[in-house]
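# Secondary and tertiary structure notes
Given next are the chains, with one letter for each unit.
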Amino acid sequence: MRSVHEVLEGGLLRMRARLVALSTTLLLLPALLAGCGDDDPSPSTAGAGAGAGTDSRGCVTSFDEGTDYYPTRSTLEHAKNFTITYEKAYQVVTVKEPYPDGKPESYVLYRCGTPKPELTGDLADAPRIETPIDSLYSGSTTHLPLLVDLDRTGILTGVSSAASVVNKDIRGRIDAGKVVEYAGNGQLDTEKVVTAAPDVLMTGGTDDPAYQKLRDAGIPVVANAEWLESDPLGRAEWVKFMAAFTGDEEKAGKVFDQIEADYDAIVDKVPDSKPVPTLIGTMYQGTWYMPSGGSYVGKLLADAGASYPWSGEKDTGSLELDFESVFTKSGDAKIWLADGEWKTRGDITAEDARYGQFAAFRDGQVWSNNLVIGAGGGNDYWERGVTRPDLVLGDLAAILHPDAFPNHTFAFYQQIK
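All figures in this text were calculated on a predicted structure; none of them were measured in a lab.

This paragraph deals with helix H13 (residues 389-400). Helix length check: H13 (12 residues) gives 16 Å between terminal C-alpha atoms against 16 Å at 1.5 Å per residue, within 8%. When you tally the buried positions in H13, you get 11 out of 12 residues, the bulk of the element. Within H13 the residues assigned to the buried category are Pro389, Asp390, Val392, Leu393, Gly394, Asp395, Leu396, Ala397, Ala398, Ile399 and Leu400.

Time to look at the side chain of Ser368. Note on placement: Ser368 falls in strand E16 (residues 366-368). Ignoring any residue separated from it by four or fewer positions in sequence, one finds Ser368 in contact with Ala338, Asp339, Gly340, Phe412, Tyr413, Gln414 and Ile416.

So, about the pairing of strand E8 (residues 200-203). Here E8 shows two buried faces, one formed by Val200 and Met202 and the other by Leu201 and Thr203. Sheet topology places strand E5 (residues 136-138) next to E8; 3 bridges connect them, and they run parallel. Of the residues in E8, the one forming a bridge with Tyr137 is Leu201. As paired strands, E8 and strand E9 (residues 221-223) are joined by 3 bridges and run parallel to one another. In the strand pairing of E9, Leu201 is matched with Val221. Handedness of the crossover joining E8 and E9 through helix H5 (residues 209-216): right-handed.

With respect to the element layout, Arg128 can be found in strand E4 (residues 128-131). Here the side chain of Arg128 touches Ala124 through a polar contact of 3.2 Å, landing on its backbone oxygen. At 2.7 Å, the side chain of Arg128 and the backbone oxygen of Ala126 are in polar contact. Beyond its immediate sequence surroundings of up to four residues, Arg128 is in contact with Val108, Tyr110, Lys116, Pro117, Glu118, Leu119 and Leu123.

Strand order in the open sheet made by the 5 strands is E7-E6-E5-E8-E9, with parallel pairing throughout. With one partner strand each, in any of the chains shown, strand E7 (180-181) and E9 form the two edges of the open sheet.

This structure, assessed with the given rule, holds 22 aromatic pairs. Across from the ring centre of Tyr296, 3.7 Å away, lies the NZ or CZ of Arg235, which sits over that ring. Positioned above the aromatic ring of Phe323, the side-chain terminus of Arg354 is 4.3 Å from the ring centre.

Parameters and conventions
Residues numbered from 1 in each chain as written. Predicted model: local features only at pLDDT ≥ 70, side-chain atom pairs only at ≥ 80, totals over all residues. Heavy atoms only, no water. Helix = DSSP H or I, 4+ residues; strand = E, 2+ residues; numbered from the N terminus. Expected span 1.5 Å × (residues − 1). Buried < 20%, exposed > 50% of the residue type's maximum accessible area, 1.4 Å probe, protein only. Contact = heavy atoms within 4.5 Å. Pairing = 2+ DSSP bridges. Right-handed = clockwise from strand over helix to strand, strands pointing away. Polar contact = N/O pair within 3.5 Å; in protein donor to acceptor, adjacent residues only side chain to side chain. Phe/Tyr/Trp six-rings, centres within 6.5 Å; stacked < 30°, edge-to-face > 60°. Lys NZ or Arg CZ within 6 Å of the ring centre and 35° of its normal.

Written as structure tokens, this is what we have:
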């Protein structure tokens, strides 16, 4: 049995330990509270250099010109249409072809809390944009999955076409008035944009005369032209482009690495047997637009184990063909990968009775990428599918090689019955 002295001594030691723990908690309390605000719509910018000398948003609180404020830097493996170069307190993002045949555009992004860079030469007139941005107007639904993957949907305040949006959470923000439409019916409302003054308006990779008016009014216009990448993984890597503006370089690297790993795993699983003869696409106003072998779609088809007569074409665009040319070379193809709005076999022949002559139609092997359609009529294939080639490839591989991919859950394609 312990003595009274031992019991008292043990009690005093335990009380002292509790006081030390309480003191430590009180010392840490201000830091804990600083990161728990409910008003910030997005997570803290840990990937943006947050740490010593920065606040919870990642903004520099005590600038030191000798400090590197980009400890995590994005590197590009597949994307060819943009580059990122770093200095200690700013980075330069250059889009080589902001729209078809357009001249390169550069943007100087500097960390909030650091001086705005004064540059000369080619960058003298480049837009200076403070990051991480708090508000974004998006000119294409292909930007939205990038924000979702980076947990940054809270910065989205405008979309060009609300009806085209498929993502349910973002549609909820539209319905709640947190995201506005600024280019209904394809006409950009410059007054609405200038009044809202978003940190950035990101284009969909096409030009518009109204963009210069916005620039003149002080609105940074940034070109996002991922659709000009011919490599599927190159398009996916544009998550790093978005991360340059949101300050999530580290997270973007992890997101892309997972997409790349999943894509490569599917390629490895595709049987080495003879490629499956496949009919690609549909007609539009009497012209059959066939993807060249060097295009984004051509690369996906090759990786999925498909063959089609125009796979040897090295161009990165599409060929304009007539019905007879396509039927002559692909009439006996086993699988038809279409991209129309058809829901039934009757819809197919109602559009053009000649479609019924294809072997794939007769055998019930017509597939279309219209599985997920949003409330406003937007197609998720053209929203999420553009920068998620792993999901698209998974669907294609399962259609062409069902035995190798049993129980596959389709993301974009469905069989037309």
